[in-house]
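# Structural features, examined
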Amino acid sequence: MARRVVVTGMGLICALGQTSTEVWQNIVAGKSGVSKITRFDTTQFACQIAAEVKDFDPLKFIEKKEVKKMGRFIHFALAAADEAINMSGLKITPENATRVGVHIGSGVGGFDVIEREHAELLKGGPRKISPFFIPAAIVNLAAGHVSIRYGAKGPNEATATACTTSAHAIGDAYKIIQRCDADVMIAGGSEAAITPMGVGGFAAMRALSTRNDSPETASRPWDRERDGFVIGEGAGIVVLEDLGSAQKRGANILAEIIGYGMSADAYHITQPAEEGEGGWRVMTTAIHDAKLNPSDIDYVNAHGTSTPIGDVLETMAIKRTFGADTKIPVSSTKSMTGHLLGGAGGLEAGITILALRDQVLPPTINLANPDPACDLDYVPNVARKAPLDVALSNSFGFGGTNGSLIFRRWTE
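Here is a short report on the structure shown in this document. Computed from a predicted structure; not experimentally measured.

### Observations regarding the overall build of the chain
In terms of regular secondary structure, the chain is built from 13 helices and 14 strands. Out of the 412 residues belonging to the chain, those deemed buried represent 60%. If you take every contact in the chain between residues at least 6 apart in sequence, the share linking residues at least 24 apart comes to 78%. Of the roughly 16000 Å² of accessible surface on the chain, a fraction of 54% belongs to carbon and sulfur atoms. Distance between charge centroids for the chain: 5 Å, based on 40 positive and 45 negative side chains.

This is how it looks when you write it as structure tokens:
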């Protein structure tokens, strides 16, 4: 029989806050974290808005001499891991170190470092490139730094599956514990792609909202006037633990993870499959893995990016999974946090867990003119109380890669 796996800690960072408590309070309040970009001059950019993490000080978590050796996504990962581990009360010792692993991914890694070092190359030639360039930028160094800092000697991995990255990281970590390859996994994702190339690249694809005159209303999933996603940054990391291990040390359990699904659209590099076929299959797979029926799911934290095609196809996938006349509440917290790309699934897993804990449905804000093709209960504009026992979180990524996680409220 597979081991039960629980969540004993989490760390969340996004434009709405730098702790899980602050993020959750602002989610429930329905606040938007989107504003004009302050990081660089956007005069020539079609998109001039983003969900930036403001006033983040890496020196609170990292020694000064080490900060420049890491990309911003690594800074976020270390900060979120710090909160998650402290919340869990986990102590990594020589006795348990080989049973504690790390699985933290990023969709694009150190864009900021790549751009900085490329500028140095053009200005002064190859000798101006920092010897720390590569380890500051590559995706797996977020997991590497967390492992090194805490002495976690178990499985050490990094996923890079676009916007499904951290959902896959958490799901894969869950399975690692289930099959007894570790007792504890520190898992999730981190992203920091609000850079000239990051914003410019997504804008060139016409993927981003250009509602520059009203940033706070730009991310509007399911709304008739949505015009693209808003790029965000931050991290979402959880501590997953074998139930027996958690109970033995008297850990405070936040939720239980009970299901995980993966699928591929095998259709198009950026557009989801017709009728949301891949999304339907991934949700169905996760529900099967959890040994549940669709009717057992009480809430869906949707991928819901605010793109014209994606929102319709996810709606179709949800209807195919739960029934054409389903009343299941669905919300997109990207309406407030923006889209963290590879960090989105980790952040939204944390939000889903907090929704179960507090029995509150997070809202989808900016839903003023519902799209007739998007006709589910999207918890419009205002959070509401509801009895929640089981919740599902979706993440879909470029390349047609999909992931769904299912969490159950902890009551024992």
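### Points about helix 10 (residues 277-289)
What sets the pattern is the α-helix's 3.6 residues per turn: residues three or four places apart point alike. Its 13 residues give helix 10 an end-to-end C-alpha distance of 18 Å, which sits within 8% of 18 Å, the value for a rise of 1.5 Å per residue. Among the residues of helix 10, those classed as buried are Gly278, Gly279, Val282, Met283, Ala286 and Ile287. One or two positions beyond helix 10, positive phi appears at Lys291, with a value near 60°.

### Remarks on the sheet that holds strand 10 (residues 330-331)
Ordered by their spatial adjacency, 10 strands build an open sheet running 5-4-6-7-1-8-14-13-9-10, and the pairing between neighbours is mixed. Where the open sheet ends on each side, the last strands, each with one partner, are strand 5 (156-157) and strand 10. The pairing of strand 9 (residues 299-301) with strand 10 spans two bridges and is classified as parallel. The residue bridging Val300 from the neighbouring strand is Val330, located in strand 10.

### With respect to the pairing of strand 13 (residues 390-397)
Strand 13 sits mainly inside the fold: eight of its eight residues count as buried. Neither face of strand 13 is exposed, since Val390, Leu392, Asn394 and Phe396 on one face and Ala391, Ser393, Ser395 and Gly397 on the opposite face are all buried. Relative to strand 13, strand 9 runs parallel, the two being bridged by three bridges. Paired with Tyr299 across the strands is Ala391, a residue of strand 13. The sheet contact formed by strand 13 and strand 14 (residues 401-409) spans eight bridges and is antiparallel. Along strand 14, the bridge assignment pairs Asn394 with Ser404. Hairpin geometry of strand 13 and strand 14 is characterised by an intervening segment of three residues between the two adjacent antiparallel strands and by a positive phi of about 85° at Gly399.

### Describing the nonpolar core
Ile170, Leu240, Ile257, Ile353, Leu405 and Phe407 are the most contacted members of the largest nonpolar core, which has 45 residues in total. By residue number, the principal contributor to this core is helix 13 (residues 344-358), which donates eight residues. Sequence-distant contacts of Ile257, defined by excluding residues within four places in its chain, comprise Val5, Ile170, Tyr174, Leu240, Leu405, Ile406 and Phe407. Among the nonpolar cores identified, the runner-up in size contains 32 residues, and Leu78, Ile85, Val184 and Ile237 belong to it.

### Let's talk about the side chain of Ser404
Following the sequence through the fold, Ser404 ends up in strand 14. A polar contact of 2.7 Å, which involves the side chain of Ser404, links it to the side chain of Asn394. Contact partners of Ser404, with chain neighbours within four places excluded, come to Gly259, Tyr260, Gly261, Val282, Met283, Ala286, Leu392, Ser393 and Asn394.

### Considering the layout of surface pockets
A volume near 620 Å³ is recorded for the largest pocket. Around the largest pocket sit 36 residues that line it, and Thr270, Gln271, Pro272, Thr307 and Phe398 are the ones nearest its centre. Elements with a contribution of two residues or more to the lining of the largest pocket: helix 10, helix 11 (308-322), strand 13 and strand 14. The leading source of residues in the lining of the largest pocket is helix 11, at seven residues. Grouping the constituent residues of the lining of the largest pocket by class yields 14 nonpolar, 16 polar and six charged. Taken together, 15 residues make up the lining of the second largest pocket; nearest its centre are Arg4, Tyr174, Gln178, Ile258 and Lys291. Looking at the lining of the second largest pocket, the elements with two or more residues in it are helix 7 (165-178) and strand 8 (255-264). A class-by-class count of the residues in the lining of the second largest pocket yields seven nonpolar, one polar and seven charged.

What counts as what
- Residues numbered from 1 in each chain as written.
- Predicted model: local features only at pLDDT ≥ 70, side-chain atom pairs only at ≥ 80, totals over all residues.
- Heavy atoms only, no water.
- Helix = DSSP H or I, 4+ residues; strand = E, 2+ residues; numbered from the N terminus.
- Buried < 20%, exposed > 50% of the residue type's maximum accessible area, 1.4 Å probe, protein only.
- Contact = heavy atoms within 4.5 Å.
- Areas by Shrake-Rupley, 256 points an atom, 1.4 Å probe, with all protein chains shown as cover.
- Lys, Arg positive; Asp, Glu negative; His and termini not counted.
- Charge placed at Lys NZ, Arg CZ, Asp CG, Glu CD.
- Expected span 1.5 Å × (residues − 1).
- Pairing = 2+ DSSP bridges.
- Core = buried A, V, L, I, M, F, W, Y, C linked by side-chain atoms within 4.5 Å.
- Polar contact = N/O pair within 3.5 Å; in protein donor to acceptor, adjacent residues only side chain to side chain.
- 1 Å grid on protein atoms, 1.4 Å probe; cavity = no way out; pocket = protein on both sides within 12 Å on 5 of 7 lines; lining within 4 Å.
- Points joined across faces, edges and corners; volume = space filled by probe spheres on them.
- Nonpolar A, V, L, I, M, F, W, Y, C, P; charged D, E, K, R; others polar.

Function cannot be read off these values alone, since they describe shape.
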